[in-house]
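Breakdown of the fold
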Amino acid sequence: RAYLDRIETLNPLLNAFISLDRDKTLAEARAADARRAAGSAGPLTGVPLAHKDLFCQQGWKTSCGSRMLDNFVSPYDAHVVEQCKAAGMVTLGRTNMDEFAMGSSNENSWYGPVKNPWDVNAIPGGSSGGSAVAVAARLTPVATATDTGGSIRQPASHCGITGLKPTYGVVSRYGMVAFASSLDQGGVVAQTAEDCALMLNVMAGFDKRDSTSVERAAEDYARDLARPLAGLKVGLPREYFAEGLSPEVARVVEAAVAELKKQGATVVDVSLPNTALSIPSYYVIAPAEASSNLSRYDGVRYGHRAAEYADLVDMYEKTRAEGFGAEVKRRIMVGTYVLSHGYYDAYYIKAQKIRRLIANDFVEAFKSCDVILGPVAPTAAFDLGSMNNDPVEMYLSDIYTLSVNLAGLPGMSVPAGFAANGRPIGLQLIGNYFGEARLLNVAHQFQ
Ligand code: GLN
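Residues numbered from 1 in each chain as written. Predicted model: local features only at pLDDT ≥ 70, side-chain atom pairs only at ≥ 80, totals over all residues.

Brief notes about the confidence of the model for the chain
- Residues of the chain with pLDDT of at least 70 account for 100%, and the chain-wide mean is 97.
- On the interface metric, ipTM, the complex scores 0.98, and its pTM is 0.98. (pLDDT = per-residue confidence, 0-100.)

This is how it looks when you write it as structure tokens:
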């Protein structure tokens, strides 16, 4: 009730939630109470959470931030939602996001922009802006989120909270509305690395309904939290500390390095030579996959349908013209273009080859270090509305986050400092495949 009351007071200002349902939330809370009384509570039973509005949840609108799905009430639960329910967690509501998770500022939502609680003139970051703001403003202790090219780490950084994007395949994508399937990965935003670890324990696990779900033994992601950092080898990629990084972000990252050294870590210089190519390859691969995934929104099966139309093709056209926003249309056009006959080899195949080079860069780098450390974004949160006319400028701000998704690695953002204007700055930690426990350990010791 305390969380619901706080949401009621602050959400009109912050716009972090798309859907709330007090009765449903209280019913879940009572069920958690009963479970506790019966002695069958797990570690997170009764803990409230918010779900990003792209995890299908039975009986809740699952809009994905789009007019296209504004009338869609999910008939089933995503794997992540099932796991949280099974743990006895209580749903506070569904969080705002960039439409179909496309964006870095949460200004692309059909439900309007989300405001950063540190400064309501600043963007919260995106696409999981609603989840990050809900945690930062203490509207929920934890929230689910997804990261296709930075959408957990970048809003976590801009909102001064902790975010974890697991290794691709650790969290099932079943019931997660698809943007770019080979890059999409569910994860969590929370106050601390410890809370992220407890959440990952609930969210992770093999699921045969997702063909890319990885089958491996269950782990306790909190097991290494207390481990001292003595002997840790931290890699600093020289390409991340070059032109384009704002001096205040550089200063915060350098201070973080000093802190880790103080705790006994050693620093090694590493190179990720194909970093600059992550933007062009991501912005070919992600739109290509999006153009295919979003072809299902045809006005026939579910979602928005235009009210008036002449024939079937006219119905498709009007439905998609009305249902999708400008950024989504831009991606569908780019994606269709790069996949089209005659351009496929020149763009899509080339982007896939670069993707392999980027992944190989990390394999090489991890031969000499345990974790890689760098900035999350080139600057602290920018002003709302300041990039609206320049999509490419916005894409460029994803430079430090995209490679992690292209390679399928785990990554975190941890609060590390502030810009001169008081806006938070996060530190990015990148782990080796399935290195979540070590990553959470470093984040926890840093915090
Ligand atoms: N900013 C990137 C994009 O717009 C990443 C978004 C995401 O991770 N969902 O595609």
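Remarks on the nonpolar core
- Membership of the largest hydrophobic core comes to 131 residues, with the highest contact counts inside it found for Val 188, Val 189 and Leu 429.
- No other element matches the 8 residues that helix α6 (residues 193-203) contributes to this core.
- Sequence-distant contacts of Val 188, that is, excluding residues within four places in its chain, are made with Val 142, Thr 144, Ala 145, Leu 164, Cys 196, Met 199, Leu 200 and Met 203.
- By size, the runner-up hydrophobic cluster in this structure holds 5 residues, among which are Tyr 240, Ala 377, Ile 399 and Tyr 400. (Core = buried A, V, L, I, M, F, W, Y, C linked by C-beta atoms within 7 Å. Buried ≥ 20, exposed ≤ 12 C-beta atoms within 10 Å, placed from the backbone. Helix = DSSP H or I, 4+ residues; strand = E, 2+ residues; numbered from the N terminus. Contact = placed C-beta atoms within 7 Å.)

Focus: the UniProt feature "active site" (unreviewed entry) in the chain
- The sites that carry the UniProt feature "active site" (unreviewed entry) are, in the present numbering, Lys 52, Ser 127 and Ser 151. Across 100 residues, the annotated set stays spatially compact, with a maximum C-alpha separation of 11.2 Å.
- You can see Lys 52 is positioned in strand β2 (residues 48-52).
- C-beta crowding within 10 Å serves as the criterion here: with 34 such atoms nearby, Lys 52 is assigned to the buried category.
- Residues in contact with Lys 52, not counting those within four places in the same chain, are Thr 95, Met 97, Ser 128, Gly 130, Ser 131, Ala 143, Thr 144, Ala 145 and Thr 146.
- Looking at where Ser 127 falls in the secondary structure, it is placed in the loop between β3 (90-95) and α4 (129-136). (UniProt positions renumbered as here; feature names shortened; annotations may be inferred.)

Considering the packing of α6 against helix α14 (residues 436-446)
- Axis separation between α6 and α14 bottoms out at 8 Å; the angle between their running directions is 155°. Between α6 and α14, the interaxial angle falls into the category roughly antiparallel. Residues Ala 193, Glu 194, Cys 196, Ala 197 and Leu 200 of α6 pack against Glu 436, Leu 440, Ala 443 and His 444 of α14.
- For the contact of α6 with α14, the residue count by class is 6 nonpolar, 1 polar and 2 charged. (Axes fitted to C-alpha atoms, helices over the stretch in contact; angles between N-to-C directions. Parallel < 35°, antiparallel > 145°, perpendicular 65-115°, else oblique. Nonpolar A, V, L, I, M, F, W, Y, C, P; charged D, E, K, R; others polar.)

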